[in-house]
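Residue-level structural notes
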Amino acid sequence: MVRNVSKNRFLRAQLYAVQSGTLFVVEQEVGLQNAFACCVRGFCRNIFAAVRIQLGNFDLLKCRISEIFEKPRQPDFTPGQSKASEIAFSVGLSHDEHLDKNAKVVYDTVFTNIGGGYDSATGIFTCPQAGIYEFQFHALSHSSSNMWLELHHNFQYVASIWGHVDNDYAAAGNSVILRLAKSDQVFITTGDKTDLYGQPDEVYGTFSGYLISSIYEEFPVVG
């Protein structure tokens, strides 16, 4: 009887030991699972943070690219100009001119020549920058004489003025707006024999032009 009781106690002790060990192992496994879950959560948080940073950088890059491509292209201009948008000239005739047909009018008095486009030696305005320009020209004929002037753009007729009054002077004027490319030329020439009146203190004949708006020129690629 005593042996049976001792044996039973021994078996219960072994069973308790086995149960305790199993419980310890289970607790260890649960602890490892929790630790692994914490690591996974931390890793995911780092990944999400990195993705948010990259997305923010991508948005910034898109904004930079948009600014580059949407920014208006600045047109070229002659070195030495104060600003690309400041181009204007105004000149006058301070002496009499008796001109044959197809003769250029060379205006000798320069009131202003911002951008350096007008050449007082030839009477030609050479466009220093592509854009939209306005031009005006006026003249006064001698008494009982004819006056016929034409504005030309690269040797192409654009507009004209004409005047004649018997026993009196005739005055006329005109204006145009043209689109010019860089290095285009604009000048005044005669349509027929013309007598223009002008004196140092009586300047009636004038030729003026100025840039209204710059435009960007694109040239075709050759080759």
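Note that the structure is predicted; figures quoted are calculated from it, not measured.

What to know about the pairing of strand β8 (residues 156–163)
For strand β7 (residues 147–153) and β8, the ladder comprises seven bridges, and the chain directions are antiparallel. Looking at the pairing, His153 lines up with Gln156 of β8. Two successive antiparallel strands, β7 and β8, enclose a turn made up of two residues, where Asn154 displays a positive phi of approximately 50 degrees.

Structural notes on unusual backbone geometry
Working note: non-glycine residues mostly have negative phi, and peptide bonds are mostly trans. Look at Ser144: it is not a glycine, yet its phi comes out positive at around 60 degrees. If you trace the backbone, Ser144 turns up in the loop between β6 (131–140) and β7. Under the relative-accessibility criterion, Ser144 is labelled partly exposed at 33%. The phi dihedral of Phe155 falls on the positive side, at around 70 degrees, and the residue is not glycine. Examined against the element boundaries, Phe155 turns out to sit in the loop between β7 and β8.

Overview of the environment of Trp148
Tracing the backbone shows Trp148 in strand β7. Separated by 46 residues in sequence, Trp148 and Thr194 place their C-alpha atoms 6.0 Å apart. Non-local contacts of Trp148, meaning those with residues more than four positions away in its chain, are made with Ser160, Ile161, Trp162, Thr189, Thr190, Gly191, Asp192 and Thr194. For Trp148, the side chain forms a polar contact with the side chain of Glu150, separated by 3.5 Å.

A look at the packing of aromatic side chains
Any aromatic ring pair is given by two values, namely how distant the centres are and how the planes are angled relative to each other. On inspection of all chains with the given rule, the structure shows 12 aromatic pairs. For the pair Phe89 and Phe207, a centre-to-centre distance of 5.0 Å together with 75 degrees between the ring planes defines the contact as edge-to-face. Residue Phe89 is located in strand β1 (residues 88–92), and its partner Phe207 is located in strand β12 (residues 206–214); the two are separated by 118 residues in the primary sequence. Comparing Phe89 with Phe207, the two get one shared label, buried. Within the aromatic cluster, the residues linked to one another by ring pairs are Phe89, Tyr107, Tyr118, Phe125, Tyr133, Phe135 and Phe207. In this structure, Lys104 packs its charged tip against the face of Phe187, placed 4.7 Å from the ring centre.

Overview of the confidence of the model for the protein
On average, residues of the protein score 79 in pLDDT, and 60% of them are at 70 or above. Within the model, pLDDT remains below 50 along residues 75–82, and this stretch shows 14 contacts once partners closer than five positions in the same chain are excluded.

What to know about the nonpolar core
Judged by nonpolar contacts, the single largest core of 28 residues is most densely connected at Tyr107, Phe125, Phe135, Leu149, Leu151 and Phe207. When contributions to this core are tallied by element, the ones reaching two or more residues are β1, β6, β7, β8, β9 (171–180), β10 (185–190) and β12. When neighbours within four sequence positions are excluded, Phe135 is seen to be in contact with Phe89, Phe125, Leu151, Asn174, Ser175, Val176, Leu178, Leu180, Val186, Phe207, Ser208 and Gly209.

Reading the values: the criteria
- Sequence order as written defines the numbering, with residues in each chain counted from 1.
- Given that the model is predicted, a residue must reach a pLDDT of at least 70 before its local features are reported, and side-chain atom pairs must reach 80 or more before they are shown or counted; all residues, however, enter totals for whole chains, interfaces and linings.
- Side-chain descriptors were evaluated using all non-hydrogen atoms of the structure, hydrogens and water having been removed beforehand.
- At least two bridges found by DSSP between two strands are what make those strands a pair.
- Strands here are runs of E lasting at least two residues and helices are runs of H or I lasting at least four, both read from the DSSP assignment and numbered beginning at the N terminus.
- Relative accessibility decides the category of a residue: with a 1.4 Å probe and only protein chains considered, values under 20% of the type maximum give buried, values over 50% give exposed, and everything between is partly exposed.
- A contact between two residues is defined here by any heavy atoms of the two lying within 4.5 Å.
- In protein, a polar contact requires one atom able to donate a hydrogen and another able to accept it; more generally it is a pair of N or O atoms within 3.5 Å, and residues adjacent in sequence count only if both atoms are side-chain atoms.
- The pairing test for Phe, Tyr and Trp rings, Trp by its six-membered ring, is centres within 6.5 Å, and the orientation test on the planes gives stacked under 30 degrees, edge-to-face over 60, and tilted for anything in between.
- Should the NZ of a Lys or the CZ of an Arg lie within 6 Å of a ring centre and within 35 degrees of the ring normal, that charge is described as sitting over the ring.
- Each residue carries a pLDDT score, the predictor's own confidence in it, on a scale running from 0 to 100.
- Here, the term nonpolar core denotes a set of buried Ala, Val, Leu, Ile, Met, Phe, Trp, Tyr and Cys residues that are joined through side-chain atoms within 4.5 Å.

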